[in-house]
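If you want the building blocks of each chain, they are given just below.
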Amino acid sequence: MCGIVGYCGPRAAAPILVEGLKRLEYRGYDSAGISVFHDDALNVVKRAGKINDLRAAVPDQFPGSVGIGHTRWATHGEVNDANAHPHLDDTGRIAIVHNGIIENFQTLKDRLESEGHQFASDTDSEVVAHLVSSLYDGDLEQAVKRAITLVKGTYGIVAMHLDEPDRLVGARNGSPLVLGIGENEMFLASDVTAIIAHTKQVIYVEDGEVVSINSSSYSTTDLRDNPIEKHVDVIGWELEEIEKAGYSHYMEKEIFEQPESITRATQGRLDFENATGHLGGLNMTNRELLEVERVKVIAAGTSYHAGMVAAYVLEHLARIPASAELASEVRYRNPIVERNSLYFAVSQSGETADTLYAMRELQRKGARVLGICNVVGSTIPRESDGGVYIHSGPEIAVASTKAFTSQMTAFYAFALVVARMRNLSYSDGLRFLQALDSVPEKIGRILDDITPIIALAKKYARAENFLFLGRGINYPVALEGALKLKEISYIHAEGFSAAEIKHGPIALINDQTPSFFLVPDDSLRDKVVTSMKEVKARGGPVIALAVEGDVEVGRIADDVVFVPSIDELFYPFLMVVPTQIFAYYCALERGCNVDQPRNLAKSVTVE
Ligand code: AGP
């Protein structure tokens, strides 16, 4: 997804824009550009490639204190300089940057071309520049408002006009936009990470709102010019949290942050006195929680896998029917919302379009949807009926790691709350709490010695195909391990329920296709060992993730990594971390861009 930055103030705009784009590069990064007002001209530099390529292309002398910038993740039009943003109108007096998809862009483009507009790119976004230009009559804000009433689709846009050199106008529908309030300077961005170096005072722009800024003031109105009173939020984390802090990559840092991020996710939420949990923000009374008869989780990608683990825990602990479903499937299935159902929308970014639109569809049908999210103030938590922030801190790497374990943590705490309202006894609740409380320390022990995992990666990084196998509550972890490996090392990896391998996938086994088995000492261990033997018997290399002391598994597997033992419900925490590390080192071995894998974006804000 694209990153947007805008600046109005006394300082040189170019370095602020480029630095802001650099912090957004994880959002989308196939091309980038800036436009700065100076000497009665909009000076534009835009390039296909990384932000560093843009930085190299911006002249040392690039004056101007008002400007906009954009880092692109292509949805329409190939990756080249012409398709990079900002886009100008024919007169070169209007520049815009856009994040989202203009669904009716062809109709608008045809009409504009018939009116004589000349297009310079194949993007949908360029239509906005020409549309604003065709509707401009001396007031940029009004021209933007008229233009967006003609647009179908999603947008976060920022526009500038030569005739109004100290002004930027932003508008949002479906793609995030935030206003940063500084000392005699104002910022617009798609994400607070772009501006936290300059201010922590932010206003989150909502769908249908238009924001107009200059260096000393701002206004927020709706499309009918009605003023909108907005709350000023203060960002709760520090700039250094989005730095690498000595690690080689954000992903490495975020993997190693997990003992701390899981601890943060439980802070103030574990009640040892009553052997239960405390989750503020659910906006549900205990009576309403007691009436919940089924739980459904909607999410995408890694968050979906966290929802699958959550479903196991809720059914096992609270005996509540629970399931996880792909948000993208739910939205268009005309979902049936049953009474006394409780839905969770799980999203690290809080901006994933598939999850957001599925949530809106369910809410339209009367569902109560709670958010389990990380980015405070993002769209899903703001539109949900309540929920829980996981407090992971910024997750910058495209591959999600600490958010996954913190999403699970939030669900484990929720499961405890509802289980203790039902059949779970005080002593069982206490035992659950103690196991949950032990997770950070046990993950820490895994992180204290990762040399066996690094050795595995060096041995197997050249494989072109990989199977990940787990059962029960660890089946979702097998899926997650496969996703991690494929998304950063580009190795084709598939996750299966270990029992399922004999129903077809075992045909894939050969001596070039390693199988990564998750073999905790839980009630399904022996079954998984049987599957391991089936693979071995067919000459497939077997890697096992087993519990310290499990000699038998160590003997059967070609390679084994041991993790500490824990109550069986909690193995997903201990099983996933070695798979994250394995994927990270395989990607390094293969020379891949770990933090910004090809074709991917951190937050997929388009369908
Ligand atoms: C995870 O490593 C991937 N980057 C991706 O699957 C991600 O989990 C998915 O796009 C959902 O993102 P969200 O949690 O921000 O909604």
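Okay, so let's go over this structure.

For the rest of this paragraph, the subject is unusual backbone geometry. Of note, the amide linkage connecting His 85 to Pro 86 takes the cis form, showing an omega dihedral of 0°. The topology assignment puts Pro 86 in the loop between strand E4 (66-72) and strand E5 (87-88). We note that Arg 319 has phi near 55°; this positive angle belongs to a residue other than glycine. Within the secondary structure, Arg 319 is located in the loop between helix H9 (301-318) and strand E18 (322-326). Judged by relative accessible area, which is 61%, Arg 319 ranks as exposed. Positive phi, close to 70°, is recorded for Asn 599, a residue that is not glycine. Topologically, Asn 599 is positioned in the segment after helix H19 (571-589).

The next thing to look at is the packing of helix H14 (residues 426-448) against H19. For the pair H14 and H19, the least separation of the axes is 10 Å and the interaxial angle reads 30°. Between H14 and H19, the angle is such that the two are roughly parallel. Both H14 and H19 take part in a crossing whose hand is right-handed. Within the contact between the two elements, H14 uses Leu 436, Val 439, Lys 442, Ile 443, Ile 446 and Leu 447 and H19 uses Phe 573, Leu 574, Val 577, Pro 578 and Ile 581. Counted by class, the contact of H14 with H19 contains 10 nonpolar, no polar and one charged residues.

The next subject is helix H1 (residues 13-24). An α-helical segment advances 3.6 residues per turn. Residues three or four places apart therefore align on the same side. With 12 residues, H1 should reach 16 Å at 1.5 Å per residue; the first-to-last C-alpha distance of 16 Å fits that figure. Within the span of H1, buried status applies to Ala 13, Ala 14, Ile 16, Leu 17, Val 18, Gly 20, Leu 21, Arg 23 and Leu 24. Check the buried side of H1 and you find it contacts strand E1 (3-8), strand E2 (31-38), helix H2 (51-57), E4 and strand E10 (186-189).

A few words on the site of the ligand. Lining the immediate environment of the ligand, one finds 14 residues, of which Ser 303, Ser 347, Ser 349, Thr 352 and Glu 487 sit closest. Here Ser 303 contributes a side-chain N or O atom positioned 2.6 Å from an oxygen atom of the ligand. Notes on the ligand: free accessible area 410 Å², of which the protein chains cover 90%. Looking at the shell around the ligand, the elements that each hand over two or more residues are H9 and helix H16 (475-489).

Among soluble globular proteins, nonpolar side chains are generally buried collectively. Ranked by size, the top nonpolar core spans 131 residues in total, and within it Ile 34, Phe 344, Tyr 412, Phe 466, Phe 570, Phe 573 and Phe 582 carry the most contacts. Leaving out residues up to four positions away in the same chain, Phe 466 has contacts with Tyr 460, Leu 485, Ile 491, His 492, Ala 493, Glu 494, Thr 513, Pro 514, Phe 516, Ile 543 and Phe 582. Counting 25 residues, the second largest nonpolar core, distinct from the first, contains Leu 108, Leu 112, Leu 140 and Val 169.

This part is about the sheet that holds strand E22 (residues 465-470). Judged by pairing direction, the sheet is parallel, and its five strands sit side by side in the order E23-E22-E24-E25-E26 without closing on themselves. Edge positions in the sheet fall to strand E23 (492-497) and strand E26 (559-563), since each has one partner strand and no second. Averaged over all neighbouring strand pairs, the angle between strand axes comes to 20°, with direction disregarded. Pairing analysis gives five bridges linking strand E25 (residues 542-547) to E26, with the strands arranged parallel. By the bridge assignment for E26, Ala 544 is matched with Val 560. Taken strand by strand, helix H15 (residues 451-460) contacts E22, strand E24 (515-519), E25 and E26, and its axis lies near 155° from that of E26.

Calculation criteria
Residues numbered from 1 in each chain as written. Predicted model: local features only at pLDDT ≥ 70, side-chain atom pairs only at ≥ 80, totals over all residues. Heavy atoms only, no water. Helix = DSSP H or I, 4+ residues; strand = E, 2+ residues; numbered from the N terminus. Buried < 20%, exposed > 50% of the residue type's maximum accessible area, 1.4 Å probe, protein only. Axes fitted to C-alpha atoms, helices over the stretch in contact; angles between N-to-C directions. Parallel < 35°, antiparallel > 145°, perpendicular 65-115°, else oblique. Left-handed = near helix turned anticlockwise from the far one by under 90°. Contact = heavy atoms within 4.5 Å. Nonpolar A, V, L, I, M, F, W, Y, C, P; charged D, E, K, R; others polar. Expected span 1.5 Å × (residues − 1). Near = heavy atom within 4 Å. Polar contact = N/O pair within 3.5 Å; in protein donor to acceptor, adjacent residues only side chain to side chain. Areas by Shrake-Rupley, 256 points an atom, 1.4 Å probe, with all protein chains shown as cover. Core = buried A, V, L, I, M, F, W, Y, C linked by side-chain atoms within 4.5 Å. Pairing = 2+ DSSP bridges.

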